[in-house]
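In case you want the letters, here they are:
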Amino acid sequence: MALMPVEEALARLLAAAQPRGDAPWPTERVDLWEAAGRVLAAPVLARRTTPGADVSAMDGYALRAVDAAEVPATLRLIGESAAGRPFPGRVEPGTTVRIFTGAVLPEGADAIVIQEDTRREGDLVTMVEAATAGRHIRRAGGDFATGEVLLAAGQRLRPRDLALAASADVAELRVARRPRVALLSTGDELVRPGAGAGAHQVILSNVYSVGGLARAAGAEVTDLGILPDDRTATEAGIRAALDAGFDIIVTTGGASVGDHDLVAPSLVAQGVDLEIHKIALRPGKPLMFGRLACDAGGTRVLGLPGNPVSAHVCALVFLVPLIRALQGLAVPAGLPLQPAVLGADIKANDLRMDFQRAEIIGRDNGLPIVRPLPVQDSSMLSVLARADLLLVRAPQSPAARAGEPCAILPLED
Ligand SMILES: Nc1nc2c(c(=O)[nH]1)N[C@H]1C(S)=C(S)[C@@H](COP(=O)(O)OP(=O)(O)OC[C@H]3O[C@@H](n4cnc5c(N)ncnc54)[C@H](O)[C@@H]3O)O[C@H]1N2
Ligand code: MOO
């Protein structure tokens, strides 16, 4: 069977991020603390004008600029304006008001002289530097005005966005509901870390990489445990996950062609329409993707290969953009590749797009110089952990020499 190109698989997956029918992705209102990292589902409009009044940008004295156009000029101190405690009166000719950063500019005043440029004796203040109208004053509405659109829908909320919303008196935000992702691991050999695995067993690790990437992309992740290599149990596990209404079910392992690789037939038997099964990717050839044929909600099922590096690369390339797209983030149509320079000669590639674990060994005109790590076994997590990035080679690329351009994919978002 011909292997599907990676770009086509990605395009199909992203097309499946669109809801079936008219139902839009659900949203919810959360308070600002809960909104960090979430995707904004409705624009944020300022609920107040900020600053709410003309305020001082410095500690000093508020006055009429004409009263200190020529210096030295001595004015009579008539009061104080502090942040949150405005001066109740008016600055008349020949008078000044002590003022602090953030405090409201008193009526009548149109300039600030900073305190370092003054001398004070009792209630007399001498300005030693000339005042300029408007100097050191932050105008009302200089930051934003009531009704102004401060944040657009479809953006991921960063700490500074939350601070902006807070400063605009917006206490809750409407955000996309987190996609609910279920992880189903398969394999008789799998044992949880710390549970005393024998030499013939393998420690469950993929949930941490795949689940971690999913969480970082904004998903709520549930680990549904390990299914044995048994057809009835595999189907039952898949059925239960499908019935639980997750948005995405991610299986790992059992994806290949061996006698114990039961995931594809079990998915099909449970009504999943597998539109992707095996792609031209290394590592990650036995990738599967499909949706429940009858499910209007559109549970998506992504079957990842069991090899830990393959599972991680597939999660990075396919699961992360799917989770992002579901929440309404703009996701690039193709792979988000970046330019780099080869730091070693490399061989011609075969039919599969190759994602090699690679290290950065220098810089060339601002671009990283990258070299594949010597071992590319898709079971080796130590190599994946040591890699700085993935060196991406298109199918059938010819041999290339050190110094030639190449494409890379960052490993973490
Ligand atoms: N005859 C063929 N054999 C294989 C092919 C092929 O085309 N023909 N493809 C190979 C490729 S490529 C890959 S990738 C693997 C993927 O196989 P499976 O998805 O069926 O994975 P398993 O056999 O279940 O496991 C592979 C390996 O990974 C370990 N594993 C599985 N799950 C986990 C987990 N959750 N955490 C940690 N490690 C896990 C498992 O113990 C195995 O060692 O197939 C090749 N074979
Ligand atoms: O495609 Mo497999 O993932 O090479 O090890």
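Quick caveat: nothing in here was measured; it's all calculated off a predicted structure.

## Some details on the overall build of the protein
Secondary structure summary: the protein contains eight helices and 26 strands in total. On C-alpha atoms alone, the protein measures out to a radius of gyration of 31 Å, which is more than a quarter above the 22 Å that the 2.2 N^0.38 rule sets for 413 residues. Principal-axis analysis of the C-alpha atoms gives the protein an extent of 95 × 50 × 45 Å. A total of 413 residues make up the protein; the buried ones form 39% of that total.

## Points about the site of ligand 1
Inspection of the region around ligand 1 gives 26 residues, with Asn-206, Gly-253, Ala-255, Ser-256 and Gly-306 positioned closest. Here the shell around ligand 1 is built from residues that sort into nine nonpolar, 14 polar and three charged.

## A short note on unusual backbone geometry
Following Thr-50, the chain continues to Pro-51 via a peptide bond in cis, the omega torsion being -10°. Mapped onto the fold, Pro-51 is located in the loop between strand 2 (44-45) and strand 3 (55-56). You will see that Lys-278, though not glycine, has its phi angle at about 85°, which is positive. By the secondary structure assignment, Lys-278 is in the loop between strand 18 (272-277) and strand 19 (281-282). Non-glycine residue Asn-365 carries a positive phi angle of around 50°. One can find Asn-365 in the loop between strand 23 (353-364) and strand 24 (367-372). Classification of Asn-365 by C-beta neighbours within 10 Å gives exposed; the count is 5.

## Focus: the site of ligand 2
Taken together, Arg-282, Pro-283, Gly-284, Lys-285, Pro-305, Asn-307, Ser-310 and Ser-378 make up all the residues around ligand 2. Among the residues making up the shell around ligand 2, the classes are represented as two nonpolar, four polar and two charged.

## A closer look at helix 5 (residues 231-243)
Across its 13 residues, helix 5 extends 18 Å between first and last C-alpha, which sits within 8% of the 18 Å expected from 1.5 Å per residue. Residues Thr-234, Gly-237, Ile-238 and Ala-241 constitute the buried set of helix 5. Considered in projection along helix 5, the buried side chains sweep an arc of 95° and stay on one side of the axis. Residues Thr-232, Ala-240 and Asp-243 are exposed on helix 5 and point more than 90 degrees away from its buried face. Buried-residue contacts for helix 5 involve strand 13 (180-186), strand 16 (220-227), strand 17 (248-252) and helix 6 (263-269). One or two steps after helix 5, the chain reaches Gly-245, where phi turns positive at roughly 80°.

## Notes on the confidence of the model for the protein
Summing up the model confidence of the protein, the mean pLDDT is 96 and the portion of residues at 70 or higher is 98%. Listed scores for the predicted complex are pTM 0.93 and ipTM 0.98.

## Considerations on the sheet that holds strand 6 (residues 95-99)
Across the sheet, six strands lie side by side as 7-4-6-5-9-8; this open sheet has mixed pairing. Among the strands making up the open sheet, the edge pair consists of strand 7 (111-114) and strand 8 (118-121). Recorded for the sheet is a direction-independent mean angle of 40° between the axes of neighbouring strands. Of the strand pairs in this sheet, strand 4 (residues 60-63) and strand 6 are connected by three bridges, and their pairing is antiparallel. Opposite Ala-62, over in strand 6, you have Val-97 as the bridge partner.

## Let's talk about the packing of helix 4 (residues 206-216) against helix 7 (residues 308-326)
Their axes nearest at 9 Å, the elements helix 4 and helix 7 cross at an angle of 20°. As judged from the angle between their axes, helix 4 and helix 7 are roughly parallel. Where helix 4 crosses over helix 7, the handedness of that crossing is right-handed. Seen from helix 4, the contacting residues are Asn-206, Ser-209, Val-210, Leu-213 and Ala-214; seen from helix 7, they are Pro-308, Ala-311, His-312, Ala-315, Leu-316, Leu-319, Val-320 and Ile-323. For the contact of helix 4 with helix 7, the residue count by class is 10 nonpolar, three polar and no charged.

## Points about the sheet that holds strand 20 (residues 288-292)
Read across the open sheet, the six strands follow the order 16-13-17-21-20-18; overall the sheet is mixed. Lying at the two open borders of the sheet, with one neighbouring strand each, are strand 16 and strand 18. On average, adjacent strands in this sheet sit at an angle of 20° to one another, irrespective of strand direction. Here strand 17 runs beside strand 21 (residues 300-304); their pairing, made up of five bridges, is parallel. Across the sheet, the residue bridging to Ile-249 is Val-301, located in strand 21.

## Remarks on the nonpolar core
Grouped together as the largest cluster of nonpolar side chains are 69 residues, with contacts concentrated most on Val-181, Val-210, Val-250 and Leu-319. Of all the elements, helix 7 adds the most residues to this core, at 14 residues. Shared between two domains, this core takes at least three residues from each, and those domains are domain 1 (6-26 + 177-326) and domain 4 (338-410). Filtering out sequence-adjacent residues up to four positions away, Val-210 remains in contact with Leu-183, Val-250, Thr-252, Leu-304, Ala-311, His-312, Ala-315 and Leu-319. One finds Ala-111, Val-125, Ala-131 and Ile-137 within the second-largest nonpolar core, a separate group that totals 22 residues.

What counts and what doesn't
- Residues numbered from 1 in each chain as written.
- Chains lettered and ligands numbered in written order.
- Predicted model: local features only at pLDDT ≥ 70, side-chain atom pairs only at ≥ 80, totals over all residues.
- Helix = DSSP H or I, 4+ residues; strand = E, 2+ residues; numbered from the N terminus.
- Rg over C-alpha atoms; globule rule 2.2 N^0.38 Å.
- Buried ≥ 20, exposed ≤ 12 C-beta atoms within 10 Å, placed from the backbone.
- Near = placed C-beta within 6 Å.
- Nonpolar A, V, L, I, M, F, W, Y, C, P; charged D, E, K, R; others polar.
- Expected span 1.5 Å × (residues − 1).
- Arc of directions from axis to C-beta.
- Contact = placed C-beta atoms within 7 Å.
- pLDDT = per-residue confidence, 0-100.
- Pairing = 2+ DSSP bridges.
- Axes fitted to C-alpha atoms, helices over the stretch in contact; angles between N-to-C directions.
- Parallel < 35°, antiparallel > 145°, perpendicular 65-115°, else oblique.
- Left-handed = near helix turned anticlockwise from the far one by under 90°.
- Core = buried A, V, L, I, M, F, W, Y, C linked by C-beta atoms within 7 Å.
- Domains from an automatic or database assignment.

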